Amino acid sequence: MSPLIYLLFLLQLSVAADPSAAVLADKEKGSQSTNAIHIRTTVVVTATRTEVELGKSPASASVITREDLEMSNTQLVDQSLSLLPGVHAFRTKGPQDTSNGVGMRGFNGRGVDGSRVLVLLNSQPMNSAYDGAVQWTTVPVDEVDRVEVVRGPFSSLYGGNAMGGVVSITTRPVENRQVDISAQYGSHKSVLYSGSFSDRFWNRLGLRAGYQRLQNGGYSVQGVFATASSASTVTGPLVTGAIPFVSTTGTKRYAVGEQGDNWYNQHAWWMRGEYALAKSSTVSFQYMRRRYGYGYKAYGSFLKNEAGSPVDSGTVFFYDGALRRATLSTGSFLGGPGGGESNLAGAQLLHAFSPRSHLRVTGGVSDLSSEWFTTPSNSATLTGGTGTTADRPSRSWHGEAQWNWIRSSRHNIVMGAAIRNNSSSAAEYELSNYALRDSRLRLTASSAGKDSSQAIFAQDQIRVGKRLLLIVGGRFDNWSSMDGAANPYFGAELITYPSRDANSFSGKISALYEGPSQWIIRAGAGNSFRNPSVYELFRSWRSSSGIQYLSNPDLQPERLTSWETGVRKKFGTRIDLDAGYFENHVRDLIYRSTDLKIDSSGKTRVFSNAGKSRTRGVEITVQQNALSWLQLRQSYTWNDAGIMRNDFAPQTVGKQVPYVPRHIASFVAIAGRKQWTATLNGRYVGRLFSNDSNSDTIKGVPGAYDPYFELGGSVSYAFESQVTLTCSADNLLDRLYYQYYRTPGRTISAGLRFRLK
C-alpha cells in the first residue's frame, strides 16, 4: 500500500480516535455550523465508539467546539453545557463551588450525585475514585478542543457511571508552531489568564505546554442564621439588626450576619505530546497538574448593641413584636478554608492494521493527592481557635484496548476490554488552630477502601438496506471491593470489611430509520448500572451536631432499564427539529435514609439499596438559520422523576426525586458581521426540591432552590486574525435568587485573546 494511502487513512483514524479532528476535517470540506453554542453538522464518536454523522446519530447528542468556548468567554467547562438540551449543569457560586456537577435524564448532578454521568477526558474517566464526583476545574478551558454530550444510558459501551449519559472532553491536538495568550478580568475581582506554546519537529513529534491562573475574589455566599425563643426579661445585651425570615420548611429564623467573601485561587499546568512511530502507528501523551485553594475573608454581624458595636457571640436579646432571646457563637460566622492538588496523566497508541481495521490502546492515572477542608469550632474566632480538618486523597488508574473492524459495507464491529482500579482514604483530625493544618492533635475518624473492575464489550453496526441502521451491543463487567476499613469516630474500634464482588451485563439495541422528506426516526432500549463508590461503601463519620453518617459495605449496584424514541426533521435548509421521549426505571437505588431501627433518636443516616425511581422525559430542540448572519436555537426539557419505592420512608413514594428540575428551557441567538460576533442566551430552570419529602416548599429564602431565569450574552471583535477582544455577561437582568447559596447577581468580564502562528 502506498505511503499516501496510509497517511490518508491515518488521518481518518485520528478523527475516530480524536473527535477534534472531525471539526477540522469538516471545516476543510466547507461545512457550515448551524449554531454557536450549538450542535454542529459533523461527526460524533462517543455514542457508538465509531464515526457517525451527528444528524444521523442513534442517540441524542450535542457537540461544543473550541470556537464556541472562545466566543462565550466561558471560564469553566461545565458552564458551557448549561445551554444544551437535557442537561442540568449545577454550579451555584463560581469555581469555588464544591457541590457542582452535571445531571441528565432524571439524575441530578449535585456533588456526589454527579457520579451517574460519566465524564471522560481523552477517553480517561474523570469521575473521582472516592465518590464519583468530577473536579471540573481540572481541565483548563483553553486546552479544550471539543466536548461531546450523549444523553441516555451507555453502560453497554462504557460501564458504570454512564446511567444518565456521557460527557467526553477532547483536548486540542498539537498544531504547528503557535503561541496562544489570553486574559480576562471581571466582577468579584475574577482573573483568568493563560498561555501556551506548541510546535512540531521532524514531521514526527509535536509538543505543547501551557499554564493557566484562575482567581476569584468571591462574594458573601452564606448568611449566618439563628433561632430564637421568647423571653420575659432582658438579662444580657439588647441588640438590633436581626432580620426575620421563614425557612424553606416554614420555621421562623433570623439572619444575624454574613460569612466573609468566599475566594478561590488555582494554578494549572499541562503538556501534550504526539509522535508518529511509523506510517501506521502514532502515540500521544498528556499531563495535567492543578493546585487550588479557597477560603473566606472577614465576616460581618448585623447585630449591634446599644453602643453601636457589632455583636457576634453570647446570649443576646432583641424585639420582634415581643422580646426574643438567641445564642450566638463566633464559629458560626466563620467559613473553613480548603484546597487540594491533582495530577492526571494519560497515553494513547493508535495502530492501523489496514484501511478497515485499527487498534486503539489507552491508559492513564488520576491522582488526587490531597483534597482537604477545615471546620472551625463554635468557639473559634477570626484569629484562631480549635477546629477539625479532613483530607480525602484518592487515585485511579485505567486501561482500555479497542479494536474497530469494518467487516463489510453492512457491518462495522467494535470490540474491546477495559480495566479500572480505584483507591481512596479519608482522615479527620482535631486541630488546636483551625487556621493551621499542621496543628493536629489526634485522629478522630478514618476510612479507606479499594475497588476494581474488568470488562469486555462488543458492538455491531448493521446496515439493513439504504435506510435502516441497527446497532446491537453488550458489555460484561466484573467488579470487586477490597481492603475496606473504617473508624467512624474517636474511641471506636477499627472495623474491617471482607472483599466482595458483583457482575453486571449491560445490553443495548438501537435503530435509526432515514425516511422520506428528510425525516429520521430513532429508537433504543437497554439496561445500565452503577457500582457503589468507595465513599458509599466505607466512609462513616459523625458531624459536629452529633448526626452519624454510616456507610454500607453490603451495597449492591444500582440497576436501570430504559427505552427511548425520537425524530429529526429538516424543513428546507433553514429549520431543524429534534424531539425525543424517554423512560428510565431504576431499582436498588443507593439512598441515604434515617434509620430509626438502629437509632430511635433519628440521628443515624445510613446508605442502603432502598429505592426505586421512574423518570419520564421529553427533550425538544429547534434550530433556525434565520438570516445569513443570524442563527437561533431553542430547547425544552421536561423531567418527571418520581420516587416509586423507599423502604425507609414509605411516605415519600410519589414525591419528586431531589435536585431534579421538572422544567428546563433555553435559547441561543448568534449574530456575525465581518469582525463582529455577538451572542444572546437565556436559561430557565424550574423548581426543584432538596429532600425526598419535598417539604422545602418556601422559595426565595436562604437554603431554597428557586426556579430562575438568567439572560446572558457576549460580544467579540477580531482586530485581525491574531487578536480578538471579548466581553461577556451573565445574569444580565441582575436576578437575585437562591440555589441554597445566594447567587452573585449580574457578572461582567472582558478579555483579550492573542494567537500567533
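Residues numbered from 1 in each chain as written. Predicted model: local features only at pLDDT ≥ 70, side-chain atom pairs only at ≥ 80, totals over all residues. Heavy atoms only, no water.

S.K.: With reference to specific residues and values, describe the overall build of the protein.
M.R.: A tally of regular secondary structure across the protein gives 5 helices and 44 strands. Taken over the C-alpha trace, the protein has a radius of gyration of 27 Å; the compact-globule value for 757 residues is 27 Å, and the two agree within 12%. If one aligns the C-alpha atoms of the protein with their principal axes, the spans along those axes are about 95 × 60 × 50 Å. The burial tally for the protein puts 57% of its 757 residues in the buried class. A separation threshold of at least 6 residues defines the contact pool for the protein, and within that pool the share at least 24 residues apart is 67%. Of the roughly 30900 Å² that the protein leaves accessible, carbon and sulfur atoms contribute 56%. Once the 80 positive and 60 negative side-chain charges of the protein are each reduced to a mean point, those two points are 4 Å apart. (Helix = DSSP H or I, 4+ residues; strand = E, 2+ residues; numbered from the N terminus. Rg over C-alpha atoms; globule rule 2.2 N^0.38 Å. Buried < 20%, exposed > 50% of the residue type's maximum accessible area, 1.4 Å probe, protein only. Contact = heavy atoms within 4.5 Å. Areas by Shrake-Rupley, 256 points an atom, 1.4 Å probe, with all protein chains shown as cover. Lys, Arg positive; Asp, Glu negative; His and termini not counted. Charge placed at Lys NZ, Arg CZ, Asp CG, Glu CD.)

S.K.: An account of the side chain of S480 is requested, with residue identities and associated values reported.
M.R.: As for its position among the elements, S480 is in strand 28 (residues 468–487). Dropping the residues within four chain positions of it, S480 is found in contact with K450, D451, S452, R500 and D501.

S.K.: Break down the pattern of salt bridges for me, citing the residues and quoting the values.
M.R.: Taken as a whole, this structure holds 36 salt bridges when the rule is applied. Of the charged contacts in the structure, one is a salt bridge between R172 and E175, with a shortest N-O distance of 3.3 Å. Residue classification places E175 among the buried positions, given a relative accessible area of 19%. Ionic pairing is found between R539 and E428, a salt bridge with its closest N-O pair at 2.8 Å. Placement of the pair is R539 in the loop between helix 5 (534–538) and strand 32 (541–542) and E428 in strand 26 (residues 411–431), with a sequence separation of 111 residues. Taking the relative accessible area as the measure of exposure, E428 reaches 14% and is therefore buried. Salt bridges sharing common partners tie together R66, E70, D145, R172, E175, D180 and R755. (Salt bridge = Lys/Arg side-chain N within 4 Å of Asp/Glu carboxyl O.)

S.K.: Please provide a residue-by-residue account of unusual backbone geometry, values included.
M.R.: In this structure, N161 takes a positive phi of about 80° despite not being glycine. As for its position among the elements, N161 is in the loop between helix 4 (155–158) and strand 9 (165–171). Using a relative accessible area of 17% as the deciding quantity, one classes N161 as buried. Positive phi, close to 55°, is recorded for D734, a residue that is not glycine. Within the secondary structure layout, D734 lies in the loop between strand 41 (723–730) and strand 42 (738–739).

S.K.: So what about the sheet that holds strand 21 (residues 322–328)? Which residues, and what values?
M.R.: Strands belonging to one sheet form pairs held by backbone hydrogen bonds; the direction of such a pair is parallel or antiparallel. Strand order in the open sheet made by the 3 strands is 14-21-20, with antiparallel pairing throughout. Only two strands of the sheet have a single partner each, and these edge strands are strand 14 (229–230) and strand 20 (314–320). (Pairing = 2+ DSSP bridges.)

S.K.: So what's going on with the confidence of the model for the protein? Residues and values would help.
M.R.: On average, the protein scores 87 in pLDDT, and the residues at 70 or more come to 92%. In this model residues 1–41 is a low-confidence stretch, pLDDT under 50, and it forms 98 contacts with partners more than four residues away in sequence or in other chains. (pLDDT = per-residue confidence, 0-100.)

S.K.: I'd like a rundown of the pairing of strand 39 (residues 676–685), residues and numbers included.
M.R.: Taken together, the 10 bridges between strand 38 (residues 663–673) and strand 39 define a ladder with antiparallel strand orientation. Bridge pairing links A669 to L680 in strand 39. Sheet topology note: the strand 39/strand 40 (residues 708–720) ladder contains 10 bridges and is antiparallel. By the bridge assignment for strand 40, G682 is matched with L711.

S.K.: Which residues make up the packing of aromatic side chains, and what are the values?
M.R.: Each pair of aromatic rings is reported with the distance of its centres and the angle of its planes. Counted according to the given criterion, the structure contains 18 aromatic pairs. With 4.9 Å between their ring centres and 70° between their planes, Y254 and F318 make a pair best called edge-to-face. With Y254 in strand 16 (residues 252–258) and F318 in strand 20, this residue pair connects regions lying 64 residues apart in the sequence. For the pair Y254 and F318, a shared accessibility class is recorded, and that class is buried. Centroid distance Y705 to Y740: 6.4 Å. Interplanar angle 35°. Geometry classified as tilted. Within this pair, whereas Y705 is found in the loop between strand 39 and strand 40, its partner Y740 is found in the loop between strand 42 and strand 43 (741–742), the two being separated by 35 residues in sequence. Judged by relative accessible area, Y705 falls into the buried class, the value being 1%. In this structure Y740 comes out as partly exposed when scored by relative accessible area, which is 36%. (Phe/Tyr/Trp six-rings, centres within 6.5 Å; stacked < 30°, edge-to-face > 60°.)

S.K.: How would you explain the nonpolar core if you had to name every residue and give the values?
M.R.: L81, W136, V147, V149, V167 and I169 are the most contacted members of the largest nonpolar core, which totals 25 residues. If you list the elements that add at least two residues to this core, you get strand 4 (87–90), strand 5 (101–104), strand 6 (117–121), strand 8 (144–151) and strand 9. Those residues in contact with V147, other than ones at most four positions away along the chain, are S62, V63, I64, V77, L81, V167, S168 and I169. (Core = buried A, V, L, I, M, F, W, Y, C linked by side-chain atoms within 4.5 Å.)

S.K.: Requested: an account of the pairing of strand 37 (residues 630–646), with residues and values cited.
M.R.: Pairing of strand 36 (residues 604–627) with strand 37 involves 15 bridges; the strand directions are antiparallel. Bridge pairing in strand 37 links S613 to I643. In this antiparallel pair of consecutive strands, strand 36 and strand 37, the connection spans 2 residues. Pairing between strand 37 and strand 38: 9 bridges, direction antiparallel. Looking at the pairing, Y636 lines up with A665 of strand 38.

S.K.: Please give an account of empty space enclosed by the protein that cites residues and values.
M.R.: Enumeration according to the criterion identifies 10 cavities of 30 Å³ or more in this entry. When its volume is computed, the largest cavity comes out at roughly 1000 Å³. In this structure, the largest cavity is lined by 49 residues; those nearest its centre are Q79, R683, E710, D730 and T747. Those elements that provide at least two residues to the lining of the largest cavity are strand 4, strand 10 (178–186), strand 39, strand 40, strand 41 and strand 44 (747–756). (1 Å grid on protein atoms, 1.4 Å probe; cavity = no way out; pocket = protein on both sides within 12 Å on 5 of 7 lines; lining within 4 Å. Points joined across faces, edges and corners; volume = space filled by probe spheres on them.)

S.K.: Go over the sheet that holds strand 9, please, and point to the residues and values.
M.R.: Across the sheet, which stays open at both edges, the 5 strands sit in the order 3-8-9-6-7 with mixed pairing between neighbours. Two strands close off the open sheet at either side, each with one partner strand: strand 3 (60–65) and strand 7 (124–125). Of the pairings in the sheet, the one linking strand 6 to strand 7 comprises 2 bridges and is antiparallel in character. Residue pairing across strands places L121 opposite Q124, the latter belonging to strand 7.

S.K.: Can you lay out a nonpolar patch on the surface for me, pointing to particular residues and giving the numbers?
M.R.: Judged by side-chain polarity, L207, M271, F285 and Y287 come together as a nonpolar surface patch covering roughly 320 Å² of accessible area. Checked against the element boundaries, F285 lands in strand 18 (residues 281–296). (Patch = residues over 30% accessible without salt bridge, like charges linked within 9 Å, V, L, I, M, F, W, Y side chains within 5 Å.)

S.K.: Give a detailed account of the environment of V134, specifying residues and quantitative values.
M.R.: Inspection of the secondary structure assignment puts V134 in the loop between strand 7 and strand 8. Linking V134 and L120, residues 14 residues apart in sequence, is a C-alpha distance of 9.9 Å. Once residues lying within four places of it in the same chain are set aside, the contact partners of V134 are N100, V119, M126 and N127.

S.K.: A description of the side chain of T621 should follow, citing residues and the corresponding values.
M.R.: Position of T621 among the secondary structure elements: in strand 36. Among the residues examined, T621 registers a relative accessible area of 7% and is labelled buried.

S.K.: Could you give an account of the environment of K93, with specific residues and numbers?
M.R.: Looking at the element boundaries, K93 is found in the loop between strand 4 and strand 5. Note on K93: relative accessible area 6%, which makes it buried. Counting along the chain gives 188 residues from K93 to S281, while the straight-line C-alpha distance between them is 45 Å. Ignoring anything within four residues of it in the chain, the contact list for K93 reads Y219, V221, N262, Y296 and Y741. Polar contacts involving the side chain of K93 include one to the side chain of N262, which spans 3.0 Å. (Polar contact = N/O pair within 3.5 Å; in protein donor to acceptor, adjacent residues only side chain to side chain.)

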